[in-house]
Every structure is written in C-alpha cells, then in structure tokens.
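Observations on the model geometry
Each chain, letter by letter, is given below.
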Amino acid sequence: MRSIKVLLFVMTLCLLTTPSWAQEAEPTAEISWPPPVYVLRGEVSLMGTVNLPGMTSYYIEYRALDDDLAAPDSRAFLPVTLPSSTPVVDGVLGAWDTGNVADGLYEIRLNIVTPGGEMMRQVLGPLRVENERMPDEDMGMVVEEVTPVPDESPRVTARVNANVRTGDSTAFRPIDALLTGESAPILGVSSRGSGWYQIALPNGRRGWISDVVVLVSGNIENLPRIVPPPLPPPPTVAPVPGNTVAPVPGNADLIIEWINFEPEQPRCNDAFQITAQVANIGAGNSGTSGVILVQDWHINSGTITATTNGGFPALEPGQRFTAVMNLTVTTFYNEAHRLNITLDTANAVAESNEGNNTANRDYTLAQAGC
C-alpha cells in the first residue's frame, strides 16, 4: 500500500510540473525592429507584432525630426504602408524604401484602428537615414571588404542588406534577402530595361535584385536578357469602417495641380526628381494620409518602364502639399515617355469626385549613360 501511495504522489508531481507547450502569442502591437538610434539605408523591413483582438486595421507612417530630435505638431506624418487587417506575430509589418526621403533624422509611427474607429499608436525614434554615404564611412561601422571573385563568372555582392523579390521591381513581394557582403551568381538581366538582375539563391530558388544595392563582378557583357513576370496591379484596399466616411457632397476632392522635373529633361540611367503639387479642392478634410503611385510609360510600346511611390498627409479644404519622388528610367532613350501620377491608389480618402486623381506629363528621355 505504501508503494502505491508513493507512485500516486510521483504521478501528481509530474502533472503539476509538465510545461504547457501550446501557448498562443499574447495580444500586443509594437514595432520591434529597427531599434531607436539606428542607421537605415535602402529598403528596410519593419518587424514586429500586431495581433490585438477585434483590430480593424493597422498602418505605418513616418515624419522628419529636427536636430534636437523634436518635430512641430504641424509637421504631418506621411504613409509608409497601406492599411492591413492581417495579424502579424514577430514578422514583417511592412517595408520602407528610405531612398525616397532625404538623409536625416526620422521617427516612425504604428497606427492601430479599433472597431469603434479609435486609434492606438506607437511612435519609434529617432532613426537616421543615410543613403548618400558608403557603409564603411558610417558611424564607425566596420564592413568587410568584398573579396574579388577570382573567375570571370558574373556575380552580385550586396552593398547593404537587400531584398530578393519575385520580379524586377519593389512592387513584387520579397522571397529572400542578401545580407551585406553576401554574394550570388547572376543568371541574367531584365529584358524590361529595369536594370535588375536575376540571381541564384543558395537554396536553389531564383529571384530578382536591384542593381543599385549590389556590386557586380565578372564579365556581364553577354548576360542573357530574361523576361520578368508582369508588373502587379496597384494595391487596392477597401475603405476601413470607422476610419473613412461615405462619399457624399461636401467631402474632400484631391487633384494634382502641376508636375515638375529636376533636371528639366530626364536622362537615361540617371535619377531625376519629380515634384507634384497635391491640392484638396473639396469642402471636407481628407481625414487621412494617402499613397501616390508614379508610373513611367514608353508611349510607342505601351510598356511601363519604371515605377515609384510617394505620399501626402491629411489635407484641409484648400490646403496644398508638394510631394517629392525620385525615379530612374533605363530604357527607350531618345523616345517619347509619359509620366502618370495617381493619388490615393488605396481609395482611403472618400472624395466628392473620384475621377480626377490622375495627371500626366510627356517628355523625351535623353540618352546620357545608356
């Protein structure tokens, strides 16, 4: 009888000390990477967790800071990501292409919309964007020198942490990444003229990487031209309940008043700056920031040669905002191009007129370095 009592005591003790293996992630909403006081360059994946119960949507914005790490209340936040309602646990919340902003100090803000339309926010900063300086000049960082490839086989070596995507544009989703100093063999170059390379990854998959984030070695004169996948359509997001209003007379009405280039005539394979003045000519506040889609079309072939994105803040009636975007076109020089700019591609702003959100400007691409 004594041995039975001892056995029952041991079994009870084991049950009390057995760990619980299946535990769901606790509800939270935070950006976990990058940390404050971090130097960013190129396209940066913003990591974290957003899995609050009953959450309607979340999105991320940014704004510049002054040298004293402060910003006036009048300085608006601009969009980094479109609204998403999909929970994320310790994963990628969105990507920020810091090449579209000037070097300097910034802060980012995570916005979470509750079912009642209330907003929860997390602000993270300061963060420093430095795309003009090489990594080995930056804040004492030590970057290993790239060892020359002894043979002539073409390879890319990442200058910064760089995404590898399913196609030759940032419009395609990432499938992997090359960390700073990592190399991969080049399989070919995009036939679309984007300059992106198709590479072979160590796991056997194939992907595309931008030519501006890599160093190229070996003989690339006879690289095959590979046809990339078709460009995906611009993302669309249904209006978020509690964050938008029904389109009735008296709403905002967004238009593009003018488009300028710097330099005045864009040059092939040279980045040029696009400025576009966005105006709210409606009777209501736009209520939220929005995304600007920029597409360059080769007129004769109807081909999209390059794309980029910008943003605008919430605008009061009669208020204007000058958006600045950078673009590089690498094909069809000495031929006619048309730059199309579309406001509010996610339809996040309820407008009294949804049919006047697009403007364009024609130009001839100079040959320059092509």
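**Here we look at the overall build of the protein chain**
In terms of helices and strands, the protein chain carries one helix and 23 strands. Expressed as a percentage of the 370 residues in the protein chain, the buried residues total 42%. Counted over contacts in the protein chain with a minimum sequence separation of 6, partners at least 24 positions apart contribute 68%. When the accessible surface of the protein chain is totalled, it reaches about 19,400 Å², and 53% of it is carbon and sulfur.

**Things to note about the sheet that holds strand β5 (residues 78-79)**
Spatial ordering of the open sheet is given by β2-β8-β7-β4-β5, a layout of five strands whose pairing is mixed. At either end of the open sheet lies a strand with only one pairing partner, and these are β2 (38-40) and β5. Note that strand β4 (residues 57-64) and strand β7 (residues 104-113) share eight bridges and pair antiparallel. Residue pairing across strands places Glu61 opposite Arg109, the latter belonging to β7.

**Quick notes on the pairing of strand β14 (residues 206-209)**
Relative to β14, strand β13 (residues 197-200) runs antiparallel, the two sharing four bridges. Among the inter-strand pairings, Ala200 is bridged to a residue of β14, identified as Arg206. What sits between β13 and β14 in their antiparallel hairpin is a turn of five residues, with Gly204 showing a positive phi close to 95 degrees.

**Thoughts on the sheet that holds strand β18 (residues 272-280)**
Ordered in space as β17-β18-β21, the three strands form an open sheet in which the pairing is antiparallel. Both outer strands of the open sheet, β17 (254-262) and β21 (320-327), are each paired with one neighbouring strand and no more. Looking at each pair of strands side by side, their axes are set apart by 20 degrees on average, direction ignored. Relative to β21, β18 runs antiparallel, the two sharing eight bridges. Within β21, the residue paired with Val278 across the bridge is Phe321.

**Quick notes on the packing of aromatic side chains**
For the coordinates displayed, the defined rule picks out seven aromatic pairs. Through a chain of ring-to-ring contacts, the aromatic side chains of Tyr62, Trp96 and Tyr106 assemble into a single cluster. The positively charged end of Arg109 is found above the aromatic ring belonging to Phe77, 3.9 Å away from the centroid. Its end group placed over the ring of Phe261, Arg361 keeps NZ or CZ at 4.4 Å from the ring centre.

**Observations concerning the pattern of salt bridges**
Evaluated as defined, the whole model comprises ten salt bridges. Measuring nitrogen to oxygen at the nearest pair gives 1.6 Å for the salt bridge that ties Glu43 to Arg165. Linking Glu43 in strand β3 (residues 43-50) with Arg165 in strand β10 (residues 162-165), this pair joins segments that are 122 residues apart in sequence. Arg165 gets classed as buried once you look at its relative accessible area, which sits at 4%. Ionic pairing is found between Arg361 and Glu264, a salt bridge with its closest N-O pair at 2.5 Å. Here the residue Arg361 occupies a position in strand β23 (residues 358-364), and Glu264 occupies one in the loop between β17 and β18, the gap between them amounting to 97 residues.

What counts, and at which threshold
Residues numbered from 1 in each chain as written. Predicted model: local features only at pLDDT ≥ 70, side-chain atom pairs only at ≥ 80, totals over all residues. Heavy atoms only, no water. Helix = DSSP H or I, 4+ residues; strand = E, 2+ residues; numbered from the N terminus. Buried < 20%, exposed > 50% of the residue type's maximum accessible area, 1.4 Å probe, protein only. Contact = heavy atoms within 4.5 Å. Areas by Shrake-Rupley, 256 points an atom, 1.4 Å probe, with all protein chains shown as cover. Pairing = 2+ DSSP bridges. Axes fitted to C-alpha atoms, helices over the stretch in contact; angles between N-to-C directions. Phe/Tyr/Trp six-rings, centres within 6.5 Å; stacked < 30°, edge-to-face > 60°. Lys NZ or Arg CZ within 6 Å of the ring centre and 35° of its normal. Salt bridge = Lys/Arg side-chain N within 4 Å of Asp/Glu carboxyl O.

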